[in-house]
Amino acid sequence: MDSEDELEDRESQLPNALKRKRTPTSSEFDAPRTRLPLTINPFSYPPSLLSQFPLAGLTDQDEDPSASIRDFPHRGLEFKPVATAASEPDTEEEEEEEESKPGKKGAEADESVGHLHVLIQAIHQFLDHGEINKAARAYGVILQLRPDGAPVDVRKHHLWAIGAEILMRNGEEPSAGAAKRWGSAANMAKLKAYYETLIQQHPYDPRRPNSVSALDFQLAQLSCEMYNVYAEQQDASMRLEEEMSEGSMEVSYDAEADGATGGQDARAEERGDRLRAKALKSMQEIAERLDSLMAEPPYSKSHDYLRLRAMASLYIADLVVPRTSNLDTGANDPERQRQREREKARGCLQKIMDNRGELDHFTQKIFRECGGQDERDKKRMHSSLPIRKG
């Protein structure tokens, strides 16, 4: 028989197809298996980059993740970017859209966000039904939530506006019919303090012009103050008219007996003028604050502030003319003051159009009427504000 060496020599001379398969020995089974790369540095990475790959558990055959992951490899593949001024959404709608994207938060955070939306819907229903106390309790629960491990940002989901409405309507009794006014004048001090706190906490940031900030809070505060002045004047005027109507028959009997006429009417007119003067003083103070804010951008270029300033001037124009003709107005001419205020209103509306803003149908009508005042308009003395009836 041929020796093992002779068989191996003969086999080496045979074609590959006729060669016998060699059975590995037990020692070869026990040897560790190492996978050699099919190619060496297939992406031609520089040595400085290759030295970083082991830190991330990658090989030279993997694609470079640094193009899609910031600060690689010091941040992992599951890196969650930190919010910065440049990366944060500019508007509340974008922030809410980011929150709703799947895979961005854990299960506990998603559950907190779900509770937040349920509570917000409940608050809206409570406010619609006039259940202010329940709305206040639900709002307090929202302020205790920690969706991201931090207190809820009241600028999101219009929570700041919801809080203002709850403060303004505190103590309101449910009623079947429509309320005569929104909120109560007794709550104005708390509402102003609430807005002042928000203004201090969230100043305007020019790098994020569309973000909710002091620009929005000051506008809402001044609007509420204007509405409160108007509502208080209207409420007092209605009470005065009711008193006049209830006492008119008694006055007529006294007039027939004593031969006197017009005594109560004159007193009512004087009381009405005092109410008008009080409202005028309040509105002039609000107009001065508006002028102070609008002396510089971004307030001077804001269409909302320009529109509010125009409405303030139109309301003042209605208040400068006294109800009684025998009232001493001093050196000031009421008609001239009224015309100046209407011109201010027209100037504000003109700035809106110059800045490519749009006016609604009613505001366009006001703009045309403020351009001139004929005799018929003077006699009519019709109101200019949308909240007043002509």
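Residues numbered from 1 in each chain as written. Predicted model: local features only at pLDDT ≥ 70, side-chain atom pairs only at ≥ 80, totals over all residues. Heavy atoms only, no water.

**Some remarks on the overall build of the chain**
Spelled out, the test is: Numbered from the N terminus, helices here are DSSP runs of H or I no shorter than four residues, and strands are runs of E no shorter than two. Only protein chains enter the accessibility calculation, which uses a 1.4 Å probe; a residue is then buried when its area is under 20% of its type maximum, exposed when over 50%, and partly exposed in between. The criterion used for residue contact is that any of the two residues' heavy atoms lie within 4.5 Å. Only the protein chains shown count as cover for residues, with accessible areas throughout obtained via the Shrake-Rupley method and a probe of 1.4 Å.
The secondary structure content of the chain amounts to 14 helices and zero strands. Counting from the amino terminus, the chain carries its helices and strands in the arrangement α-α-α-α-α-α-α-α-α-α-α-α-α-α. Split into buried and exposed, the 390 residues of the chain put 34% on the buried side. Long-range contacts, defined as pairs at least 24 residues apart, comprise 60% of the intrachain contacts of the chain with a sequence gap of at least 6. Put simply, the chain shows about 25900 Å² of open surface, and 51% of that area lies on carbon and sulfur atoms.

**Remarks on the side chain of Glu-341**
Within the element layout of this structure, Glu-341 appears in helix α12 (residues 334-354). When sequence neighbours within four positions are dropped, the list of residues in contact with Glu-341 reads Ser-313, Ile-316 and Ala-317.

**Points about the packing of helix α7 (residues 159-168) against helix α8 (residues 188-201)**
Our working rule: Axis definition: a line fitted to C-alpha atoms, over the contacting stretch in the case of helices. Angles run 0 to 180 degrees between N-to-C directions. In what follows, roughly perpendicular refers to angles from 65 to 115 degrees, roughly parallel to angles under 35, roughly antiparallel to angles over 145, and oblique to any angle outside these ranges. By definition, turning the near helix anticlockwise from the far helix through less than a right angle yields a left-handed crossing, and turning it clockwise yields a right-handed one. Under the convention adopted here, Pro, Cys and the residues Ala, Val, Leu, Ile, Met, Phe, Trp and Tyr are nonpolar, Asp, Glu, Lys and Arg are charged, and Gly plus all remaining residues are polar.
It is the contact of α7 with α8, at a shortest axis distance of 9 Å, that shows an interaxial angle of 160 degrees. Here α8 runs roughly antiparallel to α7, going by the angle between their axes. As α7 packs across α8, the resulting crossing turns out to be right-handed. Each of Leu-159, Trp-160, Gly-163, Ala-164, Leu-167 and Met-168 in α7 lies in contact with α8, whose residues at this interface are Met-188, Lys-190, Leu-191, Tyr-194, Tyr-195 and Leu-198. In terms of residue class, the contact of α7 with α8 is made up of 10 nonpolar, one polar and one charged.

**A look at the packing of aromatic side chains**
Aromatic ring pairs: the centre-centre distance and the angle between the two ring planes describe each pair. Our working rule: In this scheme Phe, Tyr and Trp rings, the latter by its six-membered ring, pair at centre separations within 6.5 Å, and the angle between planes marks the pair as stacked below 30 degrees, edge-to-face above 60, and tilted otherwise. Lysine NZ or arginine CZ positioned within 6 Å of the ring centre and within 35 degrees of the ring normal marks a charge as sitting over the ring.
In total, this model carries five aromatic pairs according to the counting rule given. When the ring of Trp-160 is compared with that of Phe-217, the centres are 5.1 Å apart and the planes differ by 75 degrees; the resulting orientation is edge-to-face. Residue Trp-160 is found in helix α7, and its partner Phe-217 is found in helix α9 (residues 214-258); the two are separated by 57 residues along the sequence. No difference in accessibility class separates Trp-160 from Phe-217, as the two residues are buried. Relative to Tyr-305, the ring of Tyr-299 lies with its centre 5.2 Å away and its plane at 90 degrees, an arrangement referred to as edge-to-face. Cluster of aromatic residues (ring-pair linked, three or more members): Trp-160, Tyr-194, Tyr-195 and Phe-217. Directly above the ring of Phe-367 sits Arg-346, whose terminal nitrogen or CZ lies 4.1 Å from the centroid.

**Focus: the pattern of salt bridges**
Our working rule: We count a salt bridge whenever a side-chain nitrogen from Lys or Arg sits within 4 Å of a carboxyl oxygen from Asp or Glu.
Tallying each qualifying case throughout the model produces 12 salt bridges. Across the salt bridge formed by Arg-338 and Asp-318, the nearest N and O atoms sit 3.8 Å from each other. Here Arg-338 is found in helix α12, whereas its partner Asp-318 is found in helix α11 (residues 303-319), with 20 residues between them in sequence. Assessed through its relative accessible area of 0%, Arg-338 is described here as buried. One salt bridge connects Lys-344 with Glu-341, and the closest N-O pair in it is separated by 3.7 Å. Here the residue Lys-344 and the residue Glu-341 both occupy positions in helix α12, the gap between them amounting to three residues, near one helical turn. Residue Lys-344 is classed as partly exposed on the basis of its relative accessible area, which comes to 42%. Judged by its relative accessible area of 12%, Glu-341 falls in the buried class.

**Regarding the nonpolar core**
Operational definition: Residues belong to a common nonpolar core when they are buried Ala, Val, Leu, Ile, Met, Phe, Trp, Tyr or Cys residues joined through side-chain atoms within 4.5 Å.
Counting 64 residues, the largest nonpolar core has Ile-123, Trp-160, Tyr-195 and Met-283 as its most contacted members. Those residues in contact with Tyr-195 that lie beyond four places of it in its chain are Trp-160, Ala-164, Phe-217, Ala-220, Gln-221 and Cys-224.

**Here's the deal with the environment of Leu-116**
Structurally, Leu-116 can be placed in helix α5 (residues 107-128). In this structure Leu-116 comes out as buried when scored by relative accessible area, which is 4%. Separated by 29 residues in the primary sequence, Leu-116 and Leu-145 have C-alpha atoms spaced 7.7 Å apart.

**What about α12?**
Rules: Helices are assigned an expected span. That span is 1.5 Å times one less than the residue count.
When the terminal C-alpha atoms of α12 are compared, their 30 Å separation across 21 residues agrees well with the 30 Å that a helix rising 1.5 Å per residue should span. Within α12 the residues assigned to the buried category are Pro-334, Gln-337, Arg-338, Gln-339, Glu-341, Arg-342, Ala-345, Cys-348, Leu-349 and Ile-352. Taken from the residues just after α12, Arg-356 is the one with a positive phi, measuring 65 degrees.

**So, the confidence of the model for the chain**
As a general rule, the predicted coordinates of low-pLDDT regions are not to be interpreted in detail. Rules: pLDDT: the predictor's confidence for each residue, scored from 0 to 100.
Per-chain confidence: the chain averages 76 in pLDDT, with 64% of residues scoring 70 or above. Overall, residues 249-261 carries pLDDT values under 50, and its contacts beyond four positions in sequence, including any with other chains, amount to four contacts. Throughout residues 372-390 the model reports pLDDT below 50, and contacts reaching past four residues in sequence, or to other chains, amount to 33 contacts.

**Quick look at α11**
Because an α-helix packs 3.6 residues into every turn, residues spaced three or four apart end up facing the same way. Taking 1.5 Å of rise per residue, 17 residues should cover 24 Å, and α11 covers 25 Å from first to last C-alpha, within 8% of that figure. Counted residue by residue, α11 has 14 buried out of 17 residues, so it is predominantly covered.

**Observations concerning unusual backbone geometry**
In this model, Pro-297 is joined to Pro-298 through a cis peptide bond whose omega is 5 degrees. Of note, His-157 is a non-glycine position whose phi angle comes to about 60 degrees, a positive value. Inspection of the secondary structure puts His-157 in the loop between α6 (132-144) and α7. Note on His-157: relative accessible area 9%, which makes it buried. Phi angles above zero are rare outside glycine, and Arg-356 is one such case at about 65 degrees.

**Points about the side chain of Gln-233**
Rules: In the analysis that follows, any N or O atom pair within 3.5 Å is treated as a polar contact, provided that within protein one partner can donate a hydrogen and the other can accept it, and provided that, for residues neighboring in sequence, both atoms belong to side chains.
Residue placement: Gln-233 occurs in helix α9. Residue classification places Gln-233 among the buried residues on the basis of a relative accessible area of 11%. Among the polar contacts listed, one links the side chain of Gln-233 to the side chain of Tyr-315, at a separation of 2.6 Å. With residues up to four places along the chain from it excluded, the contact list for Gln-233 reads Leu-275, Arg-276, Ala-279, Tyr-315 and Leu-319.

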